[in-house]
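# Report on the structure
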Amino acid sequence: MMNLKIAAVSVNQTPLDWKGNLERIVKGINEAKSADADFICFPELSICGYGSEDLFLSHWYPARSLSQLKELLPHTQGITLAVGLPVRIEKEVYNTVAIIEDGSLKGFVPKQFMAIDGVHYEFRWFTPWPHGKLIELDFFGEKIPFGDQIFNLKGVKYGFEICEDAWRKEKRPGYRLQDRKVDLIFNPSASHFAMGKTEERIDLMKESSKLFDCFYVYVNLLGNESGRMIFDGERILAHKGKILGRAPLLSFKDVVVSYFELSPEKQNPSAVIPKEKEFVQAAALALFDYMRKSRSKGFVLSLSGGADSSTCAVLVSEMVKRGIAELGKEEFLNKAGLKGDFSTEKEIVHELLITAYQGTKNSSEDTFLSAKELAESIGAKFYHWEIDDEVNSYRSKIEKAIGRELTWEQDDITLQNIQARARSPIIWMLSNLNNALLMATSNRSEGDVGYTTMDGDTSGSISPIAAVSKDFIINWLKWAEKNLNQSGLARVNALQPSAELRPLETTQTDEKDLMPYPVLLEIEKLAIRDQKSPLDVYLILKEELTLDSQTLKGYIKKFYQLWARNQWKRERLAPSFHLDEFNVDPKTWYRFPILSAGYSEELKELENFN
Ligand SMILES: Nc1ncnc2c1ncn2[C@@H]1O[C@H](COP(=O)(O)OP(=O)(O)OC[C@H]2O[C@@H]([n+]3cccc(C(=O)O)c3)[C@H](O)[C@@H]2O)[C@@H](O)[C@H]1O
Ligand SMILES: Nc1ncnc2c1ncn2[C@@H]1O[C@H](COP(=O)(O)OP(=O)(O)OP(=O)(O)O)[C@@H](O)[C@H]1O
Ligand SMILES: NC(=O)CC[C@H](N)C(=O)O
C-alpha cells in the first residue's frame, strides 16, 4: 500500500457565512497543497455549518451549498479531498460528503445513521441513506455517483463513515467497507464537545481501526459554530487499535491542519488534558467566537464576588490570555474587532469586560472586596453602587398601592426578588452603552431547581456556565486559583455561596435554602441524566449517601417538585454552551413539559415507601 500524506483540516464555520466558509476551506486546501499532502479530509457539513437548523429544510439552502461546492472545484487542482454538505433530492435532504479529485467531482457519500441523542436532532432535517444503494445525481448537468461507494487513490482504497455512522456499533458502514477491503476509513464529524468526551472518541478510534484492520482518520469541526454547541477540532489517526496521531483540542484559529502519514509509526499524538483545563479552554473559545460572531464589543457582568459571577469574569480573562497565546496579540485584536494600542493583556481585559458590584443593605463587605479584588487582578473595569434607593422606591410604591407594609415574615420571596430585579435595568444600560453582551451567571444546579429570579439575575444575553453544576464551579474555582495563576480568586474561594437577598442576620446560604450541592448533583444525575423515577433515585442513593431516610426523601421530593415547577424558567434562560456530558437546556439536551402534575403520584409513592 502507498504511504499517503493525509491533511486533516478542522474549520471554524458559521451558518450563512458562505464566503467566509469557502475561504476557510480554500485556506485549508492551499496549506495542504503547499505541504504536499495527497488527500484532505474536512469535517461534516463544513460547506454550510452543522448547526444550520431548519435552514436545512428549505430548498434554497442545500441548493446554495451545491453552488458553493461548484465554486470550490477550481481550487482543488492537484489534490484529492472530501468535504461535507447537505444535498436535497426531491423531498429528502441527505447529509453527505463530496469527494473531489484534481478539480473534478468523483462522487457523494451520504450518511447512513442519524445522530439523535442528547444535543442532536438530525431526523428533523435529514433522511438516512440505505446501505448498498448507489444512484446518479445531476450536478449542474453532469451525472455524479451518489451513494454507498468506495474510492481509490494511488492504490489506497478508502471509504467513509460520517460521524454518527461510526457510533452505531453493530450496523455501522465500516463492516461493509471492510468487506470491500478498504485500507483507510475517514470519519468527517460534527461531534459536540463535552468534558471528557475525547476519551470516548479515542476508544472508538482504537476499536474501529482494530475491528476493520485499517487506518482510521477522524476530523471534527472547530469552535462555537452557531451558539450553543462547541466543536473541539479533534483530529485523530488510528491504526490497528493504536492511536498514531492526535491534535490538541479547541484552537482559537479558523483553520487548523494536522498531517498524518499512513505509516504505523507514532506521529507525536498530543496527550489528553484534565477536565478542568478542557472546561476553561472550551468556555474561553466559545465566548470568543460568540463575541466576534455576534459582532459585540465585549462583555458586561454584574459581579457579586460570589462563585458564579467570578467564574464568568475569569473565563473572559482566560479568553484574552489563551487567545493571545495562540493567535498573537495582533491577530487576536483583529479578530475581536478591537482597535488601539494595548500593551498588556490586562489592558485588553479592561476594554472587553465591564463589571459592577451592586450592593444592598443585605450585601456584605466580604463580597464587595471579593468582587473588587478579582476585577482588579484581571484588569476588568469595575464600578460599584447601591441599589437600595431603587428597591425602597418600588417597595414604598407597592405598599401604598396595596395598603400595607411588606414584611420578611409574610413577603420573603417578593422582597428577595425585587433586589435581584432592581439590579437588572442598570446593568442592561451598561450593556447597551457599550454594545457588549450581558452575561447571565446561572449554573446548571440553579437551573434544575429554579433558584434564580426571572428577569433579575437571569437577565442577560448569554449564560456561559448554565451547563455546569454548582459543585463543579466551586471545585473549579479552587483549581483555577492555583493552576491558572488567578490569585484574585483567593477571597472568592473563601466565601460560602449565598444569594445575600435576606437581611444579613439571617445568614442566608444557598445550601440552607436548597440542600447540599453535592447531594443536589447526585439526585440530578440520576433523575435527569439517567431518567430514573423518584423512588428509583431514593433506592440508589440510600445505598450511596450517609443520609437518614427522611432527610433523603425530603431532598428528592424538593428536587422533583422544584424541577417540574421551573421548566418555564429553563425555557427562558439566555443561550448557553453545552460543556458537560449532559445539560438541562430544553433547546439542546433535555425536554420536559412546561405544565405538568409535578410528579405528585410518584412522590406520594416515594413518601409511602418503607
Ligand atoms: N409554569 C409557569 N409558567 C410561567 N410562570 C410561572 C409558572 N409557574 C410559576 N410561574 C411564575 O413564576 C413567578 C415566580 O418566579 P420568580 O419571580 O423568578 O421567583 P421564585 O422562583 O418564586 O423565587 C426565586 C427564588 O430564587 C432564589 N434566588 C433568587 C435570586 C438570586 C438567587 C441567588 O442564588 O443569588 C436566588 C430566591 O431565594 C428564591 O428562592 C411567579 O410570579 C409565578 O407566576
Ligand atoms: N451585590 C451584587 N452585585 C452585583 N451583582 C450581584 C450582586 N448580588 C448578586 N448579583 C448578581 O446576581 C447573580 C446571582 O447571584 P448568585 O448568588 O446566584 O451568584 P454568585 O453570587 O455569583 O455566586 P454564589 O451563589 O456562589 O454567591 C450573581 O452572579 C450576580 O450576577
Ligand atoms: N454529528 C454527529 O453525527 C454526532 C454524533 C455522535 N454521537 C457524536 O456525538 O460525536
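Residues numbered from 1 in each chain as written. Chains lettered and ligands numbered in written order. Predicted model: local features only at pLDDT ≥ 70, side-chain atom pairs only at ≥ 80, totals over all residues.

### So, the nonpolar core
Counting residues in hydrophobic clusters, the biggest one holds 141 residues, and the most contacted among them are I40, V217, A313 and V316. Counting residues domain by domain, this core receives three or more from each of domain 1 (5-272) and domain 2 (277-512). The residues touching V316, leaving out its near neighbours within four places in the chain, are L287, F299, V349, L352 and L353. Counting residues in hydrophobic clusters, the runner-up holds 20 residues, among them Y451, V519, V537 and L552. (Core = buried A, V, L, I, M, F, W, Y, C linked by C-beta atoms within 7 Å. Buried ≥ 20, exposed ≤ 12 C-beta atoms within 10 Å, placed from the backbone. Domains from an automatic or database assignment. Contact = placed C-beta atoms within 7 Å.)

### As for the site of ligand 3
All residues in the neighbourhood of ligand 3 are listed as E44, A115, H120, C163, E164, W167, S189, A190, S191 and H192. For the shell around ligand 3, the per-class residue count stands at four nonpolar, four polar and two charged. (Near = placed C-beta within 6 Å. Nonpolar A, V, L, I, M, F, W, Y, C, P; charged D, E, K, R; others polar.)

### A look at the pairing of strand β1 (residues 5-11)
Where burial is concerned, most of β1 is hidden: six out of the seven residues are buried. Sheet topology note: the β1/strand β16 (residues 255-261) ladder contains seven bridges and is antiparallel. Along β16, the bridge assignment pairs V9 with V257. Alignment of β1 against strand β2 (residues 39-41), held across three bridges, turns out to be parallel. Opposite A8, over in β2, you have C41 as the bridge partner. Handedness of the crossover joining β1 and β2 through helix α1 (residues 18-34) is recorded here as right-handed. (Helix = DSSP H or I, 4+ residues; strand = E, 2+ residues; numbered from the N terminus. Pairing = 2+ DSSP bridges. Right-handed = clockwise from strand over helix to strand, strands pointing away.)

### Quick word on the packing of helix α11 (residues 388-402) against helix α12 (residues 408-422)
At a minimum axis separation of 9 Å, α11 and α12 run at an interaxial angle of 130°. When the interaxial angle is binned, α11 and α12 end up oblique. Relative to α12, the crossing made by α11 is right-handed. The residues of α12 that touch α11, namely those facing E390, V391, Y394 and R395, are I418, Q419 and A422. Each residue belonging to the contact of α11 with α12 can be placed in one class, and the counts come to four nonpolar, one polar and two charged. (Axes fitted to C-alpha atoms, helices over the stretch in contact; angles between N-to-C directions. Parallel < 35°, antiparallel > 145°, perpendicular 65-115°, else oblique. Left-handed = near helix turned anticlockwise from the far one by under 90°.)

### Brief notes about the UniProt feature "active site" (unreviewed entry) in the protein chain
As annotated in UniProt, the feature "active site" (unreviewed entry) corresponds to E44, K111 and C163 in the numbering used here. In summary, the annotated positions, though distributed over 120 residues, converge in three dimensions, the widest C-alpha pair being only 9.7 Å. Within the element layout of this structure, C163 appears in the loop between β9 (156-160) and α3 (164-167). Sequence-distant contacts of C163, that is, excluding residues within four places in its chain, are made with E44, A115, N187, P188, S189, A190 and S191. (UniProt positions renumbered as here; feature names shortened; annotations may be inferred.)

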